[in-house]
Amino acid sequence: MVLLHVLFEHAVGYALLALKEVEEISLLLPQVEECVLNLGKFHNIVRLVAFCPFSSSQVALENANAVSEGIVHEDLRLLLETHLPSKKKKVLLGVGDPKIGAAIQEELGYNCQTGGVIAEILRGVRLHFHNLVKGLTDLSACKAQLGLGHSYSRAKVKFNVNRVDNMIIQSISLLDQLDKDINTFSMRVREWYGYHFPELVKIINDNATYCRLAQFIGNRRELNEEKLEKLEELTMDGAKAKAILDASRSSMGMDISAIDLINIESFSSRVVSLSEYRQSLHTYLRSKMSQVAPSLSALIGEAVGARLIAHAGSLTNLAKYPASTVQILGAEKALFRALKTRGNTPKYGLIFHSTFIGRAAAKNKGRISRYLANKCSIASRIDCFSEVPTSVFGEKLREQVEERLSFYETGEIPRKNLDVMKEAMVQAEEAAAEITKKLEKQEKKRLKKEKKRLAALAALASSENSSTPEEHEEIQEKPKKKKKQKLEEAPQENGMDSPSVSISKPKKKKSFSKEELISSDQEETAGGSPNPPKKKKKSSPQEETGSEPEEAARSIPKKKRKLSSKDEPVSSGPEEAVASKGSIKKKKKKLQRTSQED
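The shown structure was predicted, so the numbers you read here are calculated from the model rather than taken from an experiment.

(A) A look at the overall build of the chain. Assigned secondary structure in the chain consists of 27 helices and five strands. For the chain, with 598 residues in total, the buried portion stands at 32%. In the chain, of all internal contacts separated by at least 6 residues, the share reaching a separation of at least 24 is 67%. Working note: accessible area of the chain is about 40100 Å², and carbon and sulfur atoms make up 54% of it.

Have a look at this one:
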């Protein structure tokens, strides 16, 4: 009995499934289609034998590339050799891609089958895969598919950004469209301004110059000798400027209002800006063609070469075309019309716009167009597949076309292609060496700048780290300085002379007994007057510092002295002495009065 297995490739890994009742399944295709939608019935037909998950996204991308190219990857080989039966003749492997099936059959020897029931079973596996594999959810499977799809697309679309021909296709298309639009708008300006100044159309033929003059002149009646220099600058011809001035004085045009002139000037300014943009776009196209297809642009010109690339779709497609196709590229309608009517086929297409065909005689136009198409196909292949783009081959091919033209006219035998290509190879190697040197220099400069930038960033970071503790110290020192300043300001506000003296707290006064206070009062009254002050001796600095707190303490308002716990509070000694003196005087006065009365 033949065992049917199915190989399923998913973004998360390879799955190998076994089918039951192969012969019945192969006969009942409609029933299999019904079972695909029902998970329970599908489980009765298919069972999971092995699942080999990918270890990383890079491994998944490698396996996807191998499957798309029809190559058996080592992971796939290991899975099949491990889990398929050893008897290969009794095994039938179902795969979705015929290429990978043929590779498996050639390398491993297993019979492979595609299409029919296998396609339906793979559709069911794809639908119920997250239910067949344990631990796999529908969301994670979708994310894996999305990530692998993006990475696979990026790997397939690898290209050099500097050599993209899409920009050439877009710029040449825009250039052709701008030419049509500028011509249409210029004709509108000529017709509109011609009502006021019809003679200007005959003098000036260039559209952009006419629009600039219409914008500058405005009302022709205001044109005078002072504006003649500006007219010469715009027309680049003194005779034309003088003719415009003379024609404005004797013009047959109608008068025009100010609002109409404003509209004409605004529209002509738009046309002038479009023509300036067209020139800048042409310079951009030349620079892109020198980067992408230097040989083709040196041979046939930037505009014609860009039109050939745009018509072919890409530089690669143009390189694949034979010379006969390049010759009639752009004249497809004439070709098919000639084939249909059995007339003469066209001799040239887009290459007719090159200067070579116009310079050739009428009888030699077909011959030179064939030769030019041959050289264009060679130049496009060199540009497409060369690593370092150079214009050496294009210049040599152009010389060959020039020699062929002179041969048609004078009969002078041109050089052989082999000799010309040998010279071109030598020059191309020298040019490639110079280009590589320039690129290396640019890379070195870039690396130096990057190192300097990184060093500057590291120095800045280290300076910031070193400055942070200093800033903390400064912040801590600032409050201390403020406290000192406050302490120094306080004595100055109190009226003290020396700012260095600090205010000290008043010391507690000693408590005196009642008897000692009375005895001291009596001594003071007996003396009558306080002792005269003694002369102060020059004391040491320690004594001066000791006296200063006492003076500061005297300036503080007096408080009641504390007495011992046994005694009652009594007024201070000096106050009591003053009171006793007053009472003695009163007694004396009373005694004197009583004596006088007696």
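(B) Examining the pairing of strand E1 (residues 3-9) more closely. For E1, the tally of buried residues reaches five of seven residues, placing the bulk of the element in the interior. Summarising the sheet, E1 and strand E4 (residues 91-94) pair through four bridges and their orientation is parallel. Within E4, the residue paired with His5 across the bridge is Leu93. Taken together, the five bridges between E1 and strand E2 (residues 13-19) define a ladder with antiparallel strand orientation. Residue pairing across strands places Leu7 opposite Leu16, the latter belonging to E2.

(C) Summary view of the packing of helix H15 (residues 258-292) against helix H17 (residues 302-312). Direction vectors running N to C along H15 and H17 enclose 70°, while the axes themselves pass 10 Å from each other. Here H17 runs roughly perpendicular to H15, going by the angle between their axes. Our pair here, H15 against H17, has a crossing hand that is left-handed. For the pair H15 and H17, the contacting residues are Leu285, Arg286 and Met289 in the first and Glu302, Gly305, Ala306 and Ile309 in the second. Within the contact of H15 with H17, the residues separate by chemical class into four nonpolar, one polar and two charged.

(D) Region of the structure containing the confidence of the model for the chain. Per-residue confidence for the chain gives a mean pLDDT of 79, with 77% of residues at or over 70. When the criterion is pLDDT under 50, residues 479-484 qualifies, and its contacts beyond four places in sequence or with other chains add up to zero contacts. This model gives residues 574-578 a pLDDT under 50, and the stretch forms five contacts once residues within four places in sequence are excluded.

(E) Layout of the pairing of E4. Here E4 shows two buried faces, one formed by Val91 and Leu93 and the other by Leu92 and Gly94. Bridge count between E4 and strand E5 (residues 111-113): three bridges; the pairing is parallel. Directly across from Leu93, in E5, lies its bridge partner Cys112. A crossover connection joins E4 to the parallel E5 through helix H6 (residues 98-107); in handedness this β-α-β unit is right-handed.

(F) Summary view of the environment of Ala64. Among the structural elements, Ala64 can be located in helix H4 (residues 57-68). Between the C-alpha atoms of Ala64 and Gly13, which are 51 residues apart in sequence, the distance is 10.0 Å. With residues up to four places along the chain from it excluded, the contact list for Ala64 reads Leu148 and Tyr152.

(G) View of the nonpolar core. In this structure, Leu296, Leu299, Ile300, Ile309, Leu318 and Leu372 are the most contacted members of the largest nonpolar core, which totals 47 residues. The leading source of residues in this core is helix H22 (residues 365-385), at eight residues. Counting only domains with at least three residues in this core, you end up with domain 2 (166-281) and domain 3 (293-435). With residues near it in sequence (within four places) discarded, Leu372 still touches Leu299, Ile300, Ile351, Ser354, Phe356, Ile357 and Val401. Within the second largest apolar cluster, 25 residues are counted, among which are Leu79, Leu84, Ile100 and Ile104.

(H) Expanded view of helix H10 (residues 166-194). The terminal C-alpha atoms of H10 lie 42 Å apart, and with 29 residues this matches the ideal 42 Å at 1.5 Å per residue to within 8%. Looking at the packing, one finds that the buried side of H10 touches helix H11 (199-203), helix H12 (207-217), H15 and H17.

(I) Structural view of the sheet that holds E5. One open sheet holds the five strands; their spatial order is E3-E2-E1-E4-E5, and the pairing between them is mixed. Either end of the sheet is taken by a strand with one partner, and the two such strands are strand E3 (46-53) and E5. Taking the axes of each pair of neighbouring strands and ignoring which way they run, one obtains an average angle of 25° across the sheet. Strand direction decides the pairing type here: E2 and E3, joined by seven bridges, are antiparallel. For Leu17, the partnering residue across the bridge sits in E3 and is Leu48. Contacting E1, E2, E3, E4 and E5, helix H7 (residues 117-127) crosses the sheet at an angle of about 50° to E1.

(J) Examining the packing of aromatic side chains more closely. This model, assessed by the stated rule, comprises eight aromatic pairs. Consider the rings of Tyr193 and Phe197, whose centres lie 6.4 Å apart with planes at 65°: the pair is edge-to-face. Taken individually, Tyr193 and Phe197 each receive the classification buried, so the pair is uniform in this respect. Chaining the aromatic ring pairs together yields one cluster made of Phe8, Phe51 and Phe129. The ring centre of Tyr210 lies 4.8 Å from the NZ or CZ of Arg190, which sits over that ring. Of note, Lys227 hangs over the ring of Phe216, and the distance from its end group to the ring centre comes to 5.9 Å.

(K) Inspection of the side chain of Arg190 at higher detail. Here Arg190 is to be found in helix H10. Among buried Asp, Glu, Lys and Arg side chains, Arg190 stands out as unpaired, with Asp206 the closest opposite charge at 6.9 Å. A distance of 3.4 Å separates a polar side-chain atom of Arg190 from the backbone oxygen of Ile204.

(L) Looking closely at a positive patch on the surface. Judged by side-chain charge, Lys437, Lys438, Lys441, Lys444, Lys445, Lys448, Lys449, Lys451 and Lys452 come together as a positively charged surface patch. You can see Lys448 is positioned in helix H24 (residues 417-493).

(M) Expanded view of a negative patch on the surface. Together, Glu229, Glu232, Glu233 and Asp237 line one region of the surface with negative charge. Residue Asp237 is classed as partly exposed on the basis of its relative accessible area, which comes to 31%.

(N) Representation of the environment of Ser354 within the structure. Within the fold, Ser354 resides in the loop between helix H20 (332-341) and helix H21 (355-359). Here Ser354 falls in the buried class, since its relative accessible area comes to 5%. C-alpha separation for the pair Ser354 and Ser369, spaced 15 residues apart in sequence, amounts to 9.7 Å. Here Ser354 is in contact with Ile300, Val304 and Leu372, once residues within four sequence places are set aside.

(O) Expanded view of the packing of H10 against H17. Interaxial distance between H10 and H17 falls to 9 Å at its minimum, and their mutual angle equals 115°. The pairing of H10 with H17 is recorded here as roughly perpendicular in orientation. Relative to H17, the crossing made by H10 is left-handed. Residues Ile168, Ile169, Ile172 and Asp176 of H10 pack against Ala303, Ala306, Arg307, Ile309 and Ala310 of H17. In terms of residue class, the contact of H10 with H17 is built from seven nonpolar, no polar and two charged.

Definitions and cut-offs
- In every chain, residue numbers begin from 1 and rise along the written sequence.
- The predicted origin of the model limits local features to residues at a pLDDT of at least 70 and limits the giving and counting of side-chain atom pairs to 80 or more, whereas totals for whole chains, interfaces and linings rest on all residues.
- Each side-chain value is derived from all of the structure's non-hydrogen atoms; neither hydrogens nor water enter the calculation.
- Elements are defined by DSSP. Helices are runs of H or I of four residues or more, strands are runs of E of two residues or more, and each kind is numbered from the N terminus.
- Only protein chains enter the area calculation, which uses a 1.4 Å probe; residues under 20% of their type maximum are buried, those over 50% are exposed, and those in between are partly exposed.
- We call two residues contacting when some pair of their heavy atoms lies within 4.5 Å.
- Here, Shrake-Rupley sampling with a 1.4 Å probe gives the accessible areas, and only protein chains in the shown set may cover a residue.
- Note on pairing: two strands pair once DSSP finds at least 2 bridges between them.
- Lines fitted to the C-alpha atoms define the axes, with helices restricted to the stretch that makes contact. Angles between their N-to-C directions range from 0 to 180 degrees.
- Any angle from 65 to 115 degrees is called roughly perpendicular, while one under 35 is roughly parallel, one over 145 is roughly antiparallel, and all others are oblique.
- Here a crossing is taken to be left-handed if its near helix is turned anticlockwise relative to the far helix by less than a right angle, and right-handed if that turn runs clockwise.
- Polarity classes work like this: nonpolar for Ala, Val, Leu, Ile, Met, Phe, Trp, Tyr, Cys and Pro, charged for Asp, Glu, Lys and Arg, and polar for all others, with Gly in that last group.
- Confidence of the predictor at the level of single residues is given by pLDDT, which spans 0 to 100.
- The handedness rule is simple: strands pointing away from the viewer, and a clockwise path from the first strand over the helix to the second, make the crossover right-handed.
- Only buried residues count toward a nonpolar core. Its members are Ala, Val, Leu, Ile, Met, Phe, Trp, Tyr and Cys residues joined through side-chain atoms within 4.5 Å.
- Marked domain ranges trace back to an automatic or database domain assignment.
- Helix span, as expected, comes to 1.5 Å for every residue beyond the first.
- Any two rings among Phe, Tyr and Trp, with Trp reduced to its six-membered ring, count as a pair given centres within 6.5 Å; such a pair is stacked if its planes are under 30 degrees apart, edge-to-face if over 60, and tilted if neither.
- The rule is short: NZ of Lys or CZ of Arg within 6 Å of the ring centre and within 35 degrees of the ring normal puts a charge over the ring.
- Here Asp and Glu are counted as negative and Lys and Arg as positive; His is not counted, and neither are the chain ends.
- Only one rule defines a salt bridge in this text: a Lys or Arg side-chain nitrogen within 4 Å of an Asp or Glu carboxyl oxygen.
- Any N or O atom pair separated by 3.5 Å or less is treated as a polar contact, with the protein-specific requirement of one donor-capable and one acceptor-capable atom, and with residues adjacent in sequence counted only for side-chain atom pairs.
- For patch building, the residue pool is restricted to those with more than 30% relative accessible area and no salt bridge; the joining distance is 9 Å between like charges and 5 Å between nonpolar side chains (Val, Leu, Ile, Met, Phe, Trp, Tyr).
- Note that the charge is assigned to NZ on lysines, CZ on arginines, CG on aspartates and CD on glutamates.

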